[in-house]
Amino acid sequence: MALRRSYTAVVERNALWQGDFATEPYEAAWASEAIFFVRALDVTPTTLPYGTVVSGVAQVQISADGIHWVNEGSSFNLPIEQNAVAFCRVKHFGGWLRLRGAMYEDTSITVLVSLALKE
Amino acid sequence: MNLAYAADPRLSRFDPLERIFFYDDFDEGIRGWSELIGNYEHSLDSMLPEYSDMRPPMLSNLTMWDTGAAGSMEGTYALKLASRARTGSLATSIKRQTFRKRGQIQLECYFTFKPEASELRLSLNDVRAFGVLFDLQDGMNPEYRWMPHLRYLNAQDSEMVNRWQMKGETRAFHNIGDSGETVSHFHLGSENWEFVDAPVQTLAYNEIATKMNWHYLRVNVDLAERRFLGFQCNDLVYAGEPLKHISIPAMPNLNCMLNTAFWVETNRDKRAFLYLDSVLLSGEF
């Protein structure tokens, strides 16, 4: 039995996100499934008026050429505690993947973003 | 040429020494090429900043916005190094091995490089440089760690250079963390590069940023004599005086190290890409 190939790329390491952010384009045409893991090395969240604690929201984006991007449709909340991990599964994404998103006002996060890919 | 190699279409484009140590065709996967990272203790913040973001390699099918996918030289996928879109950003990928005999080794590869095709202009000088290095240390009773570097300086600022360079000195060592057990030195800085005594070599760029031509590179090193013997790129053959290399006293836990790394550096606020179709390391062992 041929084992399925897999690879994990750390697309951001010790990166500080404030305001808008986007990860670098990553080519993964060989893979049929992916998970973005976002681990908070440090985070300063905020509490919204109705009591929810938040930091930021990330959206998965896909691209035909690595230059022009469009939302894939998946989005997820970023961690609000140090060392907490958020993730998002993606399938059927074509050639390129990245995360794009925004932090809430007065929040910041230092992230380690791993992209786990599998054939 | 060895007839067994000549009969294999994947190998007949190489001239390996007597034993193939590794042959990485990236249609098969990432094959041990990982992102280079600096040393750290306790926190990633302790790393030398130059090493903090050397970008993960990826497998590319060379898809362009205007013409679709070209695939690699032989097959679909190539190893791709991509810098950030920030002047001077480096992407560096390394394969870590050890050797079992201090003989001659030879690295061969087919490569191409381009800036990201984000502008509809020639973009000839947007990639600053790419290169290959070995990080080596003697085996038993080691005296030296030594690091042959070979760099193709494509352009510096607005000036085209198109020449090969070598490096004879690294930066000072720094203590990392507080245990006294970890040190680090950055050896890919812009300083201490010297031109090899070889002519200008203009590698085919082919007019626009979405057309890639593959190039051949061969690098020869003698582990026994610690000599950086020479190289060949396409029809340029350098076989003159041994090239300069970085040499430092042996370090505690690196015996028999045989690391190979490639890097690419951008000259503008635009991503620079280095693609490797395949890499072959052969030797006398």
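Shown above is the structure to which this text applies.
Sequence order as written defines residue numbering, which begins from 1 separately in each chain. Numbering of ligands from 1 and lettering of chains from A proceed in the order in which they are written. Residue-level local features of this predicted model are given only where pLDDT is at least 70; pairs of side-chain atoms are given and counted only at 80 or more, and the full residue set underlies all totals for whole chains, interfaces and linings. Side-chain numbers come from the whole structure's heavy atoms, not from hydrogens or water.

Trainee: So what's going on with empty space enclosed by the protein? Residues and values would help.
Mentor: A 1.4 Å probe that fits into a set of points on a 1 Å grid over the protein atoms alone but cannot get out defines a cavity; an open set with protein on both sides within 12 Å along at least five of seven lines defines a pocket, and lining residues are those with an atom within 4 Å of a point. Grid points are joined across faces, edges and corners, and a volume is the space filled by probe spheres set on the points. Tallied over the full model, the rule gives two cavities of 30 Å³ or more. Approximately 160 Å³ is the volume found for the largest cavity. Looking at the largest cavity, it is lined by 19 residues, and the ones nearest its centre are Asp65 and Trp96 of chain A together with Lys80, Glu116 and Phe273 of chain B. One number sums up the size of the second largest cavity: a volume of about 50 Å³. As for the second largest cavity, its lining consists of Val11, Glu24, Pro25 and Tyr26 of chain A together with Arg55, Pro56, Met58, Ala82 and Ser83 of chain B. In terms of residue class, the lining of the second largest cavity is made up of six nonpolar, one polar and two charged. In this classification, the charged set is Asp, Glu, Lys and Arg, the nonpolar set is Ala, Val, Leu, Ile, Met, Phe, Trp, Tyr, Cys and Pro, and all remaining amino acids, among them Gly, are polar.

Trainee: Go over the pattern of salt bridges with me, naming the residues and quoting the values.
Mentor: The term salt bridge refers to a side-chain nitrogen of Lys or Arg lying within 4 Å of a carboxyl oxygen of Asp or Glu. A full pass over the atoms with the stated rule returns 32 salt bridges over all chains. In this structure, the salt-bridge partner of Glu33 of chain A is Arg4 of chain A, at a minimum N-O distance of 3.0 Å. Of this pair, Glu33 of chain A sits in strand 4 (residues 33–44) while Arg4 of chain A sits in the segment before strand 1 (6–17), and the two are 29 residues apart along the sequence. The partner of Glu191 of chain B in a salt bridge is Lys167 of chain B, and the shortest N-O contact between them spans 3.9 Å. Of this pair, Glu191 of chain B sits in the loop between strand 14 (182–184) and strand 15 (193–195) while Lys167 of chain B sits in strand 12 (residues 159–167); the two residues are 24 residues apart in sequence, bridging distant segments of the chain. Buried means the residue's accessible area, taken with a 1.4 Å probe over protein chains only, is under 20% of the maximum for its type, while exposed means over 50%, and partly exposed covers the values in between. Among the residues examined, Glu191 of chain B registers a relative accessible area of 24% and is labelled partly exposed. Classification of Lys167 of chain B as buried rests on a relative accessible area of 0%. One continuous salt-bridge network, built from bridges that share partners, spans Glu12 and Glu24 of chain A together with Asp53, Arg55, Arg84, Glu116 and Arg271 of chain B. Helix numbering and strand numbering both begin at the N terminus, where a helix is a DSSP run of H or I of at least 4 residues and a strand a DSSP run of E of at least 2.

Trainee: Talk me through the nonpolar core; I want residue IDs and the actual numbers.
Mentor: Formed by 86 residues in total, the largest nonpolar core has its most connected members in Leu117 of chain A together with Phe111, Trp164, Leu217, Phe231 and Phe262 of chain B. The element best represented in this core is strand 21 (residues 272–283) of chain B, accounting for seven residues. Every residue pair with non-hydrogen atoms within 4.5 Å of one another is taken to be in contact. Excluding residues that lie within four positions of it along the chain, Phe262 of chain B makes contacts with Trp33, Leu81, Ala91, Thr92, Ser93, Leu107, Cys109, Gly131, Val132, Leu274, Leu276 and Val279 of chain B. Among buried residues, the Ala, Val, Leu, Ile, Met, Phe, Trp, Tyr and Cys ones that are joined through side-chain atoms within 4.5 Å form a nonpolar core.

Trainee: Hey, could you go over the layout of surface pockets for me, with residue numbers and the actual values?
Mentor: It is a probe the size of a water molecule, rolled over the atoms, that shows where empty space is left. All names here are of chain B. Space inside the largest pocket adds up to approximately 520 Å³. Considering the residues around the largest pocket, the lining is formed by 26 residues, among which Asn39, Arg145, Val183, Met251 and Leu254 are closest to the centre. Breaking the lining of the largest pocket down by element, the ones donating at least two residues are strand 7 (90–98), strand 9 (127–137), strand 10 (144–147), strand 14 and strand 20 (257–266). Glu50, Gly88, Ser89, Leu90 and Phe186 are the residues nearest the centre of the second largest pocket, which is lined by 18 residues in total. Taken together, the residues of the lining of the second largest pocket sort by class into five nonpolar, five polar and eight charged.

Trainee: Describe the interface of chain B and chain A, with residues and values.
Mentor: With 32 residues of chain B at the interface, the matching set in chain A holds 21 residues. The tally of links from chain B across to chain A stands at five salt bridges. As a salt-bridge pair, Glu24 of chain A and Arg84 of chain B come within 3.5 Å of each other at their nearest N and O atoms. In protein, a polar contact requires one atom able to donate a hydrogen and another able to accept it; more generally it is a pair of N or O atoms within 3.5 Å, and residues adjacent in sequence count only if both atoms are side-chain atoms. For the interface between chain B and chain A, the tally reads 12 residue pairs in polar contact (both at pLDDT 80 or more). Of all the elements, strand 3 (residues 58–60) of chain B adds the most residues to the side of chain B that touches chain A, at three residues. For the side of chain B that touches chain A, the class distribution of residues is 15 nonpolar, seven polar and 10 charged.

Trainee: Give a description of unusual backbone geometry that names residues and reports values.
Mentor: One non-glycine residue, Asn83 of chain A, lies in the positive phi region at around 70°. Looking at the secondary structure, you find Asn83 of chain A in the loop between strand 8 (69–77) and strand 9 (85–91).

Trainee: I'd like a description of the sheet that holds strand 4 of chain A, backed by residues and values.
Mentor: All names here are of chain A. Taking strand neighbours across the sheet as the criterion, the four strands line up as 1-11-4-9 in an open arrangement whose pairing is antiparallel. Single-partner strands in this sheet number two, and they are strand 1 and strand 9. Taken pair by pair, the neighbouring strands of this sheet meet at an average axis angle of 15°, ignoring direction. Relative to strand 9, strand 4 runs antiparallel, the two being bridged by seven bridges. DSSP bridges decide pairing: two strands pair if at least two such bridges lie between them. Working convention: axes come from line fits to C-alpha atoms, limited for helices to the stretch in contact. Angles between N-to-C directions cover 0 to 180 degrees.

Trainee: Tell me about the environment of Phe14 of chain B, and please be specific about residues and values.
Mentor: Residue and element names in this part refer to chain B. Following the sequence through the fold, Phe14 ends up in the loop between helix 1 (3–6) and strand 1 (19–25). When its relative accessible area of 0% is taken as the criterion, Phe14 is described as buried. Through-space distance from the C-alpha of Phe14 to that of Glu108 is 7.0 Å; in sequence the pair is 94 residues apart.

Trainee: Describe the side chain of Ser72 of chain B, and please don't skip the residues or the numbers.
Mentor: Residue and element names in this part refer to chain B. Structurally, Ser72 can be placed in the loop between strand 5 (68–69) and strand 6 (78–82). A residue is classified by how much of its surface remains accessible, and Ser72, at 7% relative accessible area, is buried. Among the polar contacts listed, one links the side chain of Ser72 to the backbone oxygen of Tyr77, at a separation of 3.2 Å. Contacts of Ser72, omitting those with residues within four sequence positions, involve Asp27, Leu62, Tyr77, Ala78, Trp214 and Asp277.

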